[in-house]
Amino acid sequence: AAVRALKGPNRPIVESAHRTRMLAGLRCVDFVIEFDDLDPCRIIQQLKPNVHVKGEEYSPEHGRAIPEKQIIDSYGGTIAFSPHLDGISTSIIENSIKAEISHPKS
């Protein structure tokens, strides 16, 4: 529900159960939890993870606000930033599908 509210009615493209399984399959991930809040503050306050991962668009050099930063700092947690891989994003997949529908190849 939160992804849909933030990104539009056709999102998410990959359902949460599949995203959760992909993340949980990573060796460096101890636990994955789904939530519907528009920001993660409430769940972070409850769980107090050692490391909270955000996309690189939230890194200090990009200057986007991190609502949960104060909570994480209060208990000594760390925020890590995950780099984006060029050419790999849900938006690119969505645009490719739309382009194919609009202009199918013969």
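Reading the values: the criteria
Residues numbered from 1 in each chain as written. Predicted model: local features only at pLDDT ≥ 70, side-chain atom pairs only at ≥ 80, totals over all residues. Heavy atoms only, no water. Salt bridge = Lys/Arg side-chain N within 4 Å of Asp/Glu carboxyl O. Helix = DSSP H or I, 4+ residues; strand = E, 2+ residues; numbered from the N terminus. Buried < 20%, exposed > 50% of the residue type's maximum accessible area, 1.4 Å probe, protein only. Contact = heavy atoms within 4.5 Å. Pairing = 2+ DSSP bridges. Right-handed = clockwise from strand over helix to strand, strands pointing away. Polar contact = N/O pair within 3.5 Å; in protein donor to acceptor, adjacent residues only side chain to side chain.

Caption draft 1: Quick look at the pattern of salt bridges. In total, this model carries 5 salt bridges according to the counting rule given. Close ionic contact of K54 with E68 constitutes a salt bridge, the shortest N to O distance being 2.9 Å. Residue K54 is found in strand β1 (residues 51-55), and its partner E68 is found in the loop between β1 and α4 (69-74); the two are separated by 14 residues along the sequence. Classification of E68 as buried rests on a relative accessible area of 0%. Its salt-bridge partner being K98, residue E94 comes within 3.8 Å of it at the nearest N-O pair.

Caption draft 2: Structural detail: the environment of V3. Looking at where V3 falls in the secondary structure, it is placed in helix α1 (residues 2-7). A sequence separation of 33 residues divides V3 from D36, and the C-alpha atoms of the two residues are 8.0 Å apart. Apart from residues no more than four positions distant in its own chain, V3 is found in contact with G8, R11, P12 and R19.

Caption draft 3: Representation of the pairing of strand β2 (residues 78-82) within the structure. Pairing between β1 and β2: 5 bridges, direction parallel. Each residue of the ladder has a partner; that of K54, found in β2, is F81. Handedness of the β-α-β unit built from β1, α4 and β2 comes out right-handed.

Caption draft 4: Spatial organisation of the side chain of H52. Note on placement: H52 falls in strand β1. Here H52 falls in the buried class, since its relative accessible area comes to 13%. Among the polar contacts made by the side chain of H52, one reaches the side chain of E68 at a distance of 2.8 Å. Among all residues touching H52, those that are not within four sequence positions of it are P40, I44, E68, I72, T78, I79 and A80.

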